[in-house]
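# Secondary and tertiary structure notes
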Amino acid sequence: MSMEELLETIRAFDGVHELAPTEGDGGPEIAWGDHFFYYAPDGTVPVRTQPYATIVTKDYPGDDLSGLGPAGRWRVNVHVGRARYAELTGEEPGREPAPRDFGAADVILPHPVYWALGWIAVVVPGERTALTVVALLREAHENARRRAVRRVGEVS
C-alpha cells in the first residue's frame, strides 16, 4: 500500500480533519510532510485533543528507532487503546515492550515512544498489514467520533 493510497482512504472518512504542515503555513518545520488526523467535522483542529492517527515521513528527536531516514520509508501510527494494543502486540499495556526491530516493515508493532498510551505503529504497511491498518484506522476514527460527541454532550 502506498502512502498516497492510505491517505486517500483516511481522507474519505466522514468528519475527518487532516493537518498536514508544509513550508510557509506556520507549522513547525519538523512536521512538514507529515499528516495528523482528527475527528473534526467542522474542519477545526480540536482543542486539547490529540490526533487519533498520524503518518510520519521522518525520524523525530527521541523517536528514531523506525529508521525513517531512507527515501520511501514512512510510518503510520494509530491510537488503538490499551486492550486492542494487547491483542495486536501480545504485550501487556503499561509495560515496556520487549526489545525488537522497530524499523521492521509491514509488521504491527508497539509505537516506539507512545506504546504506553495504546499506540501501535507500522512502517510501510504492505501485503501483511494493509487491511488490518485500514480497519484499525476506521476503529480509531469511530472512537474519536464517539469521544467528540460525548464531549459536546458534556458541554451542553
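Residues numbered from 1 in each chain as written. Predicted model: local features only at pLDDT ≥ 70, side-chain atom pairs only at ≥ 80, totals over all residues. Heavy atoms only, no water.

## What to know about the overall build of the protein
The cut-off we apply is this: Secondary structure is summarised from DSSP: a helix means a run of H or I of at least four residues, a strand means a run of E of at least two, and numbering begins at the N terminus for each. The cut-offs for exposure are 20% and 50% of the maximum accessible area for each residue type, with area from a 1.4 Å probe on protein chains only; residues under the lower value are buried, those over the upper are exposed, and the others partly exposed. The criterion used for residue contact is that any of the two residues' heavy atoms lie within 4.5 Å. Using a 1.4 Å probe, accessible areas were evaluated by the Shrake-Rupley method; residue-level cover was limited to the displayed protein chains. His is not counted, nor are the chain ends, whereas Lys and Arg count as positive and Asp and Glu as negative. Here the site of a charge means atom NZ of a Lys, CZ of an Arg, CG of an Asp or CD of a Glu.
Within the protein one finds three helices and six strands. Along the protein, helices (α) and strands (β) appear in the sequence α-β-β-β-β-α-β-β-α when read from the amino end. Within the protein, the fraction of its 156 residues that count as buried is 42%. Within the protein, contacts between residues separated by at least 24 positions form 50% of all contacts whose residues are at least 6 apart in sequence. Of the roughly 8,500 Å² that the protein leaves accessible, carbon and sulfur atoms contribute 54%. Distance between charge centroids for the protein: 7 Å, based on 16 positive and 23 negative side chains.

## What to know about helix α1 (residues 3–11)
Selection rule: Directions pointing from the helix axis toward each C-beta atom define the arc.
Here α1 has its buried residues at L6, L7 and I10. Buried positions in α1, seen along its axis, are confined to an arc of 100° and lie on one side of it.

## Quick look at the layout of surface pockets
As a reminder, the rule being used: In the cavity and pocket records, a cavity denotes points on a 1 Å grid over the protein atoms alone where a 1.4 Å probe fits but cannot get out, a pocket denotes an open set with protein on both sides within 12 Å along at least 5 of 7 lines, and lining residues are residues with an atom within 4 Å of a point. Grid points are joined across faces, edges and corners, and a volume is the space filled by probe spheres set on the points.
By volume, the largest pocket is sized at about 580 Å³. Considering the residues around the largest pocket, the lining is formed by 27 residues, among which Q50, P51, T54, Y114 and W119 are closest to the centre. For the lining of the largest pocket, the secondary-structure elements that each account for two or more residues are β2 (35–39), β3 (53–56), β4 (75–79) and α3 (130–155). Taken as a whole, the second largest pocket holds about 280 Å³ of empty space. In this structure, the second largest pocket is lined by 13 residues; those nearest its centre are Y39, P46, A148, R151 and V152. Residue contributions to the lining of the second largest pocket peak at five residues, all from α3.

## Structural notes on the sheet that holds β2
Rule in force here: Here, strands pair whenever DSSP counts at least two bridges between them. A fitted line through C-alpha atoms serves as each axis, taken over the contacting stretch for helices, and the angle formed by two N-to-C directions is quoted from 0 to 180°.
The strand order across the open sheet formed by six strands is β1-β2-β3-β4-β6-β5, and the pairing between neighbours is antiparallel. Here the strands that pair on one side only, and so sit at the sheet edges, are β1 (16–19) and β5 (109–110). Those strands touched by helix α2 (residues 82–89) are β5 and β6 (119–123), and its axis lies near 40° from that of β6.

## Side note on the pairing of β2
Of all five residues in β2, five are buried; the element is thus mostly enclosed. Bridge count between β1 and β2: four bridges; the pairing is antiparallel. Bridging across to β2, L19 finds its partner in F36. Bridging between β2 and β3 involves three bridges; their strand directions are antiparallel.

## Concerning the pattern of salt bridges
Our working definition: Salt bridges are counted wherever a side-chain nitrogen of Lys or Arg sits within 4 Å of a carboxyl oxygen of Asp or Glu.
Counted under the stated rule, the structure contains eleven salt bridges. Among the ionic pairs, R11 bridges to E4, the shortest N-O distance being 3.2 Å. It is possible to trace a salt-bridge network through shared partners that takes in E4, R11 and E18.

## Considering the nonpolar core
The criterion, for reference: In this description, a nonpolar core means a group of buried Ala, Val, Leu, Ile, Met, Phe, Trp, Tyr and Cys residues linked to one another through side-chain atoms lying within 4.5 Å.
L6, I10, Y52, V76 and L137 are the most contacted members of the largest nonpolar core, which totals 26 residues. Mapped onto this core, the elements with two or more residues apiece are α1, β2, β3, β4, β6 and α3. The element best represented in this core is α3, accounting for seven residues. In contact with L6, other than residues within four places in its own chain, are M1, I55, W74, V76, V133, V134 and L137.

## Looking at the side chain of D106
Short version of the rule: In the analysis that follows, any N or O atom pair within 3.5 Å is treated as a polar contact, provided that within protein one partner can donate a hydrogen and the other can accept it, and provided that, for residues neighboring in sequence, both atoms belong to side chains.
Positionally, D106 belongs in the loop between α2 and β5. Here D106 falls in the buried class, since its relative accessible area comes to 12%. In terms of polar contacts, D106 uses its side chain to reach the backbone amide nitrogen of R128, at 3.0 Å. Excluding residues that lie within four positions of it along the chain, D106 makes contacts with V122, V123, V124, P125, G126, E127, R128 and T129.

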